[in-house]
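# Descriptive analysis of the structure
Here's the letter readout for the chains.
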Amino acid sequence: MPQVKANGIDIHYEEHGDPGNPAMLLIMGFGAQLTLWPDELVEALAGEGFRVIRYDNRDIGLSHKFHGVKAPGLVKMTLMSKIGLTPKVPYTLADMAADGIGVLDALEIEKAHIVGASMGGMIGQHVAATYPDRCLSYTQIFSTTGNPKLPAARKEALQALVTRPQSDEEDVLVDHGVMLARTIGSPGYPSDEERLRERTLTSVRRSFYPEGPTRHLSAIVADGDRREMLRKVEVPTLVLHGEDDPLVPCEGGRETAECIPGARLKTIPGWGHDLPLELVDTLASDIAGHARMATN
């Protein structure tokens, strides 16, 4: 199992493509393992001429777990944020951004194209803002600015995301994972049932760690509004967002593109909060095209 010591902790990663090609670092989202990046998308990006690196964020998958470290409750964090107080959390999105840079350091990669999805997009924003000299380009996928005035997630999507499975029996975990994927997924590109169940089963057998997402969520809430930070980003940026995203409404992507100087925005009808097979070629072309444009 390939692991590196990054930012003082063990991070599990995978590489695809020619090691001599420009590096592309994929950062996944809330409570999600690196395997949520579809193999087909990873291979398509490698086929576009990139050294593609995906990794498990801290507290998830096969990376370091912060066992027993308590995060404040969601209600308490939300109330504190509303009155301008920053809750004390186990770690921050800035810490998670430093993890990604630590992966590049360990692999002796000076600069990379950064691609972040959902919470990974928030982490990517910190990477672009704090480590611009390490970024060749930045692509954000269905993420947002942290502006509390933006439209909220649909109730059923948020409920599905934060509800824990009723037990840790394998069949229950798979049913729960399929339910979540269906609830937040793309209405225009519904997943094949057999493939979805197979991918969910593989994920469950790889790692099941329900404590990690609680701490991920605390990092997101504590991070607050990033608009001021985003206005200072100078890394060439592409924002991709689904027009039918029930978890992170499209307004989050639009506002990100408005905040980052020179950012380009592309929205896709029928796309929700997942990476459907039908969009792999489109997304790979968009990401690769942006990366090449940024370095020409």
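Thresholds applied
- Residues numbered from 1 in each chain as written.
- Predicted model: local features only at pLDDT ≥ 70, side-chain atom pairs only at ≥ 80, totals over all residues.
- Heavy atoms only, no water.
- Core = buried A, V, L, I, M, F, W, Y, C linked by side-chain atoms within 4.5 Å.
- Buried < 20%, exposed > 50% of the residue type's maximum accessible area, 1.4 Å probe, protein only.
- Contact = heavy atoms within 4.5 Å.
- UniProt positions renumbered as here; feature names shortened; annotations may be inferred.
- Helix = DSSP H or I, 4+ residues; strand = E, 2+ residues; numbered from the N terminus.
- Pairing = 2+ DSSP bridges.
- Axes fitted to C-alpha atoms, helices over the stretch in contact; angles between N-to-C directions.
- Parallel < 35°, antiparallel > 145°, perpendicular 65-115°, else oblique.
- Left-handed = near helix turned anticlockwise from the far one by under 90°.
- Nonpolar A, V, L, I, M, F, W, Y, C, P; charged D, E, K, R; others polar.
- Disulfide = S-S within 2.5 Å.

Membership of the largest hydrophobic core comes to 41 residues, with the highest contact counts inside it found for L25, I53, L93, V103 and I114. I53 has contacts with Y13, E14, E15, A23, M24, L25, L26, V103, L107 and I109, leaving out every residue within four places of it along the chain. Core analysis: the second largest hydrophobic core is formed by 27 residues, M24, V42, A46 and V280 among them.

Per the UniProt annotation, the sites labelled "domain: AB hydrolase-1" (unreviewed entry) are residues 22-277. The span residues 22-277 carries 42% helix and 13% strand; its end-to-end C-alpha distance comes to 25 Å.

Turning our attention to the pairing of strand β2 (residues 9-16). Sheet topology note: the strand β1 (residues 3-6)/β2 ladder contains four bridges and is antiparallel. Considered in β2, the bridge of K5 is made with D10. Between the antiparallel neighbours β1 and β2 lie two residues, among them N7 with a positive phi of about 55°. Pairing geometry for β2 and strand β4 (residues 51-55), over four bridges, is antiparallel.

This next bit is on the packing of helix α6 (residues 170-184) against helix α7 (residues 193-206). Two elements in contact, α6 and α7, have axes whose closest approach is 9 Å; the angle formed by their N-to-C orientations is 125°. Classed by the angle they form, the pair α6 and α7 counts as oblique. As for how α6 packs across α7, the hand of that crossing is right-handed. Contacts from E170, L173, V174, D175, G177, V178, A181 and R182 of α6 reach α7 at E193, L196, R197, T200, L201, V204 and R205. Each residue belonging to the contact of α6 with α7 can be placed in one class, and the counts come to seven nonpolar, two polar and six charged.

Another aspect to go through is the state of the cysteines. Inspection of every chain in the model, using the stated rule, returns zero disulfides. Cysteine C135 remains unbridged, with the sulfur of C259 as its closest cysteine sulfur at 18 Å. The exposure class assigned to C135 is buried, which follows from its relative accessible area of 8%. The closest cysteine sulfur to the non-disulfide-bonded C259 is located on C250, 14 Å from its own sulfur. Judged by relative accessible area, C259 falls into the buried class, the value being 8%.

A few words on the side chain of R58. Looking at the secondary structure, you find R58 in the loop between β4 and α2 (74-82). Its relative accessible area of 5% is what places R58 among the buried residues. The residues touching R58, leaving out its near neighbours within four places in the chain, are N7, I9, I11, S63, H64, F66, Y91, D95, M96, D99 and H216.

The next subject is the environment of G188. Topologically, G188 is positioned in the loop between α6 and α7. Taking the C-alpha atoms as reference points, G188 and P276, separated by 88 residues in sequence, lie 9.6 Å from one another.

Turning our attention to the sheet that holds β1. Here we have eight strands laid out as an open sheet, ordered β1-β2-β4-β3-β5-β6-β7-β8, and mixed in their pairing. Taken across any chain shown, the strands that pair with only one partner, and hence form the sheet edges, are β1 and β8 (264-268). The average undirected angle you get between the axes of adjacent strands in this sheet is 25°. Where strand β6 (residues 135-141) and strand β7 (residues 237-242) come together, four bridges link them in parallel fashion. Note that in β7 the partner of T139 across the bridge is L238. Sitting on the sheet, helix α1 (residues 39-47) touches β2, β3 (23-27) and β4, and the angle it makes with β4 is about 150°.

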